[in-house]
Amino acid sequence: MAENGEAQQQPQVQMNILAQFIRDMSFENVMAQKGTGGEVQPDVSVQVNLDAKKRSAENQYEVVTKLTVESKNKESGNVLFVLELEYVGVFNIVGVPEDQLHPFLLIECPRMTFPFLRRIVSDVTRDGGFPPLNLDNIDFVAIYRNELARRQSEAAAAAPTQ
């Protein structure tokens, strides 16, 4: 009976996407600008940065996924295209304990908006004259852990030695 009472005391986590939109986007077809064409073997690199902040409304948060996609020709190393995209999700989040809110914002929220981001990348690369780029799934947990480790090592390096 006590277990049931404890379960009722913990608030249930609720997350709603209130809005999602492109804040900034740039697509540069370098290959077309240089007037080159023909068969190329693309080598694609993807960089992901995440940011989250509290909005003025209660329980609302803005989570930004910043994506930089660069495609180079494997043989020559020449850039084929560069895509930079800032995709924003506005979330209403209730019931997440304060100590778990930061990882929740930077892991769960980007997971929810990723399918839409993937579609935009596919459409833009196709509309830009390339085969549609279908991004692989992104491990947001690994990105979060890497960022924590980076911050800890920076803090350790900045700490005065005695």
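These numbers were taken from a predicted model, which means no experiment stands behind them.

Below, the discussion takes up the overall build of the protein chain. Within the protein chain, the secondary structure is distributed over four helices and four strands. The order of helices and strands in the protein chain, counted from the N terminus, is α-β-α-β-β-β-α-α. Its C-alpha atoms give the protein chain a radius of gyration of 20 Å, more than 25% over the compact-globule value 15 Å for 162 residues. Summarising its shape, the C-alpha atoms of the protein chain cover approximately 70 × 50 × 30 Å along the three principal directions. Looking at the protein chain as a whole, 29% of its 162 residues are labelled buried. Sequence separation of 24 or more characterises 68% of the internal contacts of the protein chain that already satisfy a separation of 6 or more. Of the accessible surface of the protein chain, which amounts to about 10700 Å², a share of 46% is contributed by carbon and sulfur atoms. Charge-centre separation for the protein chain: the mean point of 15 positive side chains lies 3 Å from the mean point of 22 negative side chains.

The next subject is the pattern of salt bridges. For the coordinates displayed, the defined rule picks out eleven salt bridges. Between Arg126 and Asp127 there is a salt bridge whose closest N-O contact spans 3.0 Å. For Asp127, a relative accessible area of 60% gives the class exposed. In this structure, a network of salt bridges that share partners links the residues Arg23, Lys53, Arg55 and Glu62.

Overall, the prediction assigns the protein chain a mean pLDDT of 89, with 90% of residues at 70 or greater. No element of the protein chain has a lower mean pLDDT than helix H1 (residues 2-9), which averages 51, and none a higher one than strand E1 (residues 14-28), which averages 97.

To continue, consider the pairing of strand E4 (residues 79-94). When E1 meets E4, the two strands line up antiparallel, connected through 13 bridges. When the bridges of E4 are listed, Ile17 appears paired with Phe91. As consecutive antiparallel partners, strand E3 (residues 60-73) and E4 are separated by five residues, and within that stretch Gly77 has a phi angle of approximately 80 degrees, a positive value.

The strand order E1-E4-E3-E2 describes an open sheet built from four strands, whose pairing is antiparallel. The open sheet terminates on both sides in strands that have one partner only, identified here as E1 and strand E2 (42-54). With direction set aside, neighbouring strand axes in the sheet form an average angle of 15 degrees. Relative to E3, E2 runs antiparallel, the two being bridged by 13 bridges. Looking across to E3, one finds that Leu50 is bridged to Thr65. Most of the contacts of helix H3 (residues 98-127) go to E4, to which it runs at about 140 degrees, and overall it touches E1, E2, E3 and E4.

So, about helix H4 (residues 140-158). With 19 residues, H4 ought to run about 27 Å at 1.5 Å a step, and its terminal C-alpha atoms sit 27 Å apart, in line with that. The residue sitting at the N-terminus of H4 and contributing the capping side-chain oxygen is Asp139; that oxygen lies 3.2 Å from the backbone nitrogen of Val141.

Next up on the list: the nonpolar core. Core analysis: the biggest nonpolar cluster contains 22 residues, and Leu67 and Val121 have the highest contact counts within it. For this core, the elements supplying multiple residues, two or more each, are E3, E4, H3 and H4. A per-element tally of this core places H3 first, with seven residues. The contacts of Leu67, once residues within four sequence positions are left out, are Val46, Gln47, Val48, Leu83, Glu84, Leu85, Leu117, Val121, Leu135 and Ile138. In terms of nonpolar packing, the next biggest core, distinct from the first, is built from nine residues, Tyr61, Ile93, Phe104 and Leu105 among them.

Our focus in this paragraph is H3. Over its 30 residues, H3 runs 42 Å from end to end, which matches the ideal 44 Å to within 8%, given 1.5 Å per residue. The sharpest bend along H3 comes to roughly 50 degrees, located at Phe104.

Reading the values: the criteria
All chains use their own residue numbering, which begins from 1 and follows the written sequence. With pLDDT at 70 or above as the cut-off, local features in this predicted model cover only qualifying residues; side-chain atom pairs require 80 or more to be listed or tallied, and sums for whole chains, interfaces and linings still use all residues. Excluded from the side-chain calculations are hydrogens and water; all other atoms, namely the structure's heavy atoms, are used. Numbered from the N terminus, helices here are DSSP runs of H or I no shorter than four residues, and strands are runs of E no shorter than two. We compute the radius of gyration from the C-alpha atoms alone; for a globule the expected value is 2.2 Å times N to the 0.38, where N is the number of residues. Summary of the burial criterion: residues with accessible area below 20% of their type's maximum are buried, those above 50% are exposed, and those between are partly exposed, where the area comes from a 1.4 Å probe applied to protein chains only. We call two residues contacting when some pair of their heavy atoms lies within 4.5 Å. Accessible surface is estimated by sampling points in the Shrake-Rupley manner with a 1.4 Å probe; for residues, cover comes only from the protein chains shown. None of His or the chain ends enter the tally, which takes Lys and Arg as positive and Asp and Glu as negative. By convention, the point assigned to a charge is CZ for Arg, NZ for Lys, CD for Glu and CG for Asp. By definition here, a salt bridge exists when the distance from a side-chain nitrogen of Lys or Arg to a carboxyl oxygen of Asp or Glu is within 4 Å. Per residue, pLDDT measures the predictor's confidence, with a range of 0 to 100. A strand pair is defined by DSSP finding two or more bridges across the two strands. Lines are fitted to the C-alpha atoms to define the axes, a helix being fitted only along its stretch in contact, and any angle between axes, read from their N-to-C directions, falls within 0 to 180 degrees. Helix span is expected to be 1.5 Å times the residue number reduced by one. As used in this structure description, the phrase polar contact means that two N or O atoms lie within 3.5 Å; if the pair is within protein, one of them must be able to donate a hydrogen and the other to accept it, and residues adjacent in sequence are counted only when both atoms belong to side chains. The set of buried Ala, Val, Leu, Ile, Met, Phe, Trp, Tyr and Cys residues whose side-chain atoms join them within 4.5 Å is what this entry labels a nonpolar core. For a residue, the bend is simply the angle between two axes, fitted respectively to the seven-residue segment ending there and the seven-residue segment starting there.

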